[in-house]
Amino acid sequence: MVKAGQFLPQIQRDILGTVAGRRKGTIALFLAVTLLASLCAVAGPLLFAHAVKVIGAGSYTTGMLLGIFLAFALAMAGTRLLADVRMVLMNVIEQDVILETNKKSLAALLSAGGSIFVTNNAAKLTTLVRNLHMSNTIYIQMFLMVVLAGTVDLVLSFLAIGGYVSWVVAVFVVVYGVASVWLTMRASAAAKPYHKSAAEKANEGANLLGNVVANVVSIKIFRAQPWVQALYENFAKGAQMQWLAFYRVRLRFGAIQGALVFIQYASILAMLVLTLKSPDLLNQVVLVSMVLVQLNRPFEMIAAAISEFVMAKVLAGMLQSELDQHPASRVRDGGQTLPAGRPLAVELSHLSFAYAPEDRPVLSDLSARFEPGRLNFIIGPSGAGKSSLLQILLGINDAYDGTVKVAGIERGSVNIEAYLATIGYVPQEPMLMNLSIRDNVLFGRDFSDLEVREALEAVQLGGKLASLQDGLDFVIGERGQLLSGGERQRLAIARALIARPQILILDEASSALDEATERGIFANLRAIGAETTVIAVTHRLGVITSDDQVLSLSKPEALQGEPLPA
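Reading the values: the criteria
- Residues numbered from 1 in each chain as written.
- Predicted model: local features only at pLDDT ≥ 70, side-chain atom pairs only at ≥ 80, totals over all residues.
- Heavy atoms only, no water.
- Helix = DSSP H or I, 4+ residues; strand = E, 2+ residues; numbered from the N terminus.
- Buried < 20%, exposed > 50% of the residue type's maximum accessible area, 1.4 Å probe, protein only.
- Contact = heavy atoms within 4.5 Å.
- Areas by Shrake-Rupley, 256 points an atom, 1.4 Å probe, with all protein chains shown as cover.
- Arc of directions from axis to C-beta.
- Pairing = 2+ DSSP bridges.
- Axes fitted to C-alpha atoms, helices over the stretch in contact; angles between N-to-C directions.
- Core = buried A, V, L, I, M, F, W, Y, C linked by side-chain atoms within 4.5 Å.
- Salt bridge = Lys/Arg side-chain N within 4 Å of Asp/Glu carboxyl O.
- Phe/Tyr/Trp six-rings, centres within 6.5 Å; stacked < 30°, edge-to-face > 60°.
- Lys NZ or Arg CZ within 6 Å of the ring centre and 35° of its normal.
- Patch = residues over 30% accessible without salt bridge, like charges linked within 9 Å, V, L, I, M, F, W, Y side chains within 5 Å.

**Considerations on the overall build of the protein chain**
- Across its full length, the protein chain carries 17 helices and ten strands.
- The buried share of the protein chain, reckoned over its 566 residues, is 45%.
- Long-range pairs, those at least 24 residues apart, make up 78% of the contacts in the protein chain between residues at least 6 apart in sequence.
- Carbon together with sulfur atoms contributes 62% to the accessible area of the protein chain, which is approximately 28500 Å² in total.

Shown next as structure tokens:
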């Protein structure tokens, strides 16, 4: 048997469970207000029917009648006011859910396997997170405002009709409600495949749009606008066709729902007229009519909520599916720490790695030692395994054979957080944000402006900084578009250097630099070599000197651990 919690994807269970625990008091207050609002909603028809009864019998005084109508007006006003109070309380809970969704969805993406960012671009992942937000909103609104409030309304209305008119009529109303909910569930089941397919087509379109935005220059250069436009329109038309099929199914079941409403009213009113023969027939008809108008709405909304829940599950399931397909890499972790305050030698021994057991190894029986005191370069053609080796050195990938030792300690026994704290890293395509120069160097860390300036001077950005009116507060634009390619690369190097890492890993970090700037930066790196173990991937052999150590992945047996021949 599937537990109730298993209806929701794991990430959604975590979000809603956390908020439910944190907002117990708000939820309890919402329940109390809901009960009071339902009492007012049911009291209104009872008071009005009683007024009709005393008017018909002529047994009233002006004061009595005014009192009844005043109470009726207060009940209606109370219903309206309490509906607003419920809305405010629901919004408080909903805002907390939004906050928790932002926190947990970002944490889930950051901890997911790196392959999730290979198969999905930013636009699609943003859409998936937005879908999760929509799903949570549906659950909160439908459960609190519809299912919970509607159930209380139904129970009280059932008691009112049964106690004041007839339990037979009350049971008949319940039977209609059950049939209405069942019919909506059938409609949801029939329409679900079309909704899911429409959402998938929309996500494919979002993914394509993200690719277009990221590559708009290439698209214009190659005159590919008609092609990408046609692709995007195909995805949009595919989604449109599935949505139309979805609405056709819903409309078909909606017609049956309308027939049920007709049968309900006709049957109940005929039952009152033909079978009850009560002297209070007038006020009973008035009461039942008013309650039915009020009662059918909760039935319909509860039935609709079931359909919305199905939609919400599809929306949230999309992000969960991606997270399940790209689980976080298993990191061999332990409790050891590394020596502080000195550079850390890194030693590889008989290291082998393949992406799958049946694949040819990308790295095979590789042994090398990276030491401080000189630069350590990794060279080799495309596909030789440079990126795979960096992922192992960075602690991202642990699916390898052989050993990796840091300061003589097996990497697998070192606490991963302690290990990452020793590393500075500069990727080939640095991550820059539309924030200030200071923020892009600090990345949330606590260093002084003087330290930021020193790091920028070390990568020859001091002149650029001096030319800017805003200085460190200069906002560099999205992905650093207000800087040149070389300036963006140097800014990323400054970010790595400011923390004075014990191990500095550079992945083609000088690829966007001119020759003079490149030589200057590597001269600075050689100057700090006694304090830091520098490991650099490069394809530009001109930056390598005879004092540097080179690991060639094209001929590891000949050059690993050897200086580059003159």
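Picking up where we left off.
**Here we look at helix H10 (residues 386-393)**
- The buried fraction of H10 amounts to six of the eight residues, a majority that puts the element mostly inside the structure.
- Following H10 by one or two positions, Gly395 adopts a phi angle in the positive range, close to 80°.

**Concerning helix H13 (residues 449-458)**
- Within the sequence span of H13, burial applies to Val452, Ala455 and Leu456. Down the axis, H13 shows its buried residues gathered within 100° of arc, on one side only. Summarising the geometry of H13, the exposed residues directed more than 90 degrees from the buried face are Leu450 and Glu457.
- Turning to H13, the residues buried within the fold contact helix H12 (437-442), helix H14 (462-467) and helix H15 (485-497).
- Backbone geometry just after H13 places Gln460 at a positive phi near 65°.

**Remarks on the pairing of strand S4 (residues 401-406)**
- With five bridges connecting them, strand S1 (residues 346-353) and S4 associate as antiparallel partners. For Val346, the partnering residue across the bridge sits in S4 and is Val406.
- With two bridges connecting them, S4 and strand S5 (residues 409-410) associate as antiparallel partners. Among the inter-strand pairings, Val406 is bridged to a residue of S5, identified as Ile409.

**Regarding the sheet that holds strand S2 (residues 363-370)**
- With antiparallel pairing, four strands are arranged side by side in an open sheet as S2-S1-S4-S5. The sheet is open, and its two borders are formed by S2 and S5, each paired with just one other strand.
- Running at roughly 125° to S1, H10 makes contact with S1, S2 and S4 of the sheet.

**Here we look at the nonpolar core**
- Counting residues in each nonpolar core, the largest one holds 48 residues, and the members touching the most others are Leu319 and Leu323.
- Of all the elements in the fold, those that place two or more residues in this core are helix H1 (10-22), helix H2 (24-57), helix H3 (62-111), helix H5 (122-164), helix H6 (167-214), helix H8 (225-276) and helix H9 (281-325).
- With 13 residues, H5 is the single largest residue contributor to this core.
- Discounting residues that sit within four places of it in the chain, Leu323 has contacts with Ile11, Ala108, Leu109, Ala112 and Ile116.

**Comments concerning the pattern of salt bridges**
- What the rule picks out here adds up to twelve salt bridges.
- Among the salt bridges present, the one from Glu100 reaches Lys103, with a minimum N-O distance of 3.8 Å. Of the two residues, Glu100 and Lys103 are both situated in helix H3; the distance of three residues between them amounts to about one turn of the helix.
- Classification of Glu100 by relative accessible area gives buried; the value is 2%.
- Given the relative accessible area of 48%, Lys103 is considered partly exposed.
- By sharing partners, the salt bridges in this structure join Arg22, Arg23, Asp96, Glu100, Lys103 and Lys104 into a single network.

**Quick word on the packing of aromatic side chains**
- The full count for this structure, using the stated rule, is zero aromatic pairs.
- For Arg495, the ring lying beneath its charged end belongs to Phe443, and the centroid distance is 3.9 Å.

**Focus on a nonpolar patch on the surface**
- A grouping of Met431, Met433, Leu435 and Phe443 is seen on the molecular surface, where their side chains present a nonpolar patch of about 350 Å² in accessible area.
- Within the fold, Met431 resides in the loop between strand S6 (423-426) and H12.

**Here we look at the environment of Arg479**
- Relative to the assigned elements, Arg479 resides in the loop between H14 and H15.
- Exposure remark for Arg479: the relative accessible area of 49% places this residue in the partly exposed category.
- For Arg479 and Leu435, which are 44 residues apart along the polypeptide, the C-alpha to C-alpha distance reads 9.4 Å.
- Once you skip the residues sitting within four places of it in the chain, Arg479 turns out to touch Leu432 and Arg488.

**Quick notes on unusual backbone geometry**
- A positive phi is found at Gln460, a non-glycine position, where the angle reads about 65°.
- With a phi close to 50°, Arg500 is a non-glycine residue in the positive phi region.
- Among the structural elements, Arg500 can be located in the loop between H15 and strand S7 (503-507).
- When its relative accessible area of 54% is taken as the criterion, Arg500 is described as exposed.

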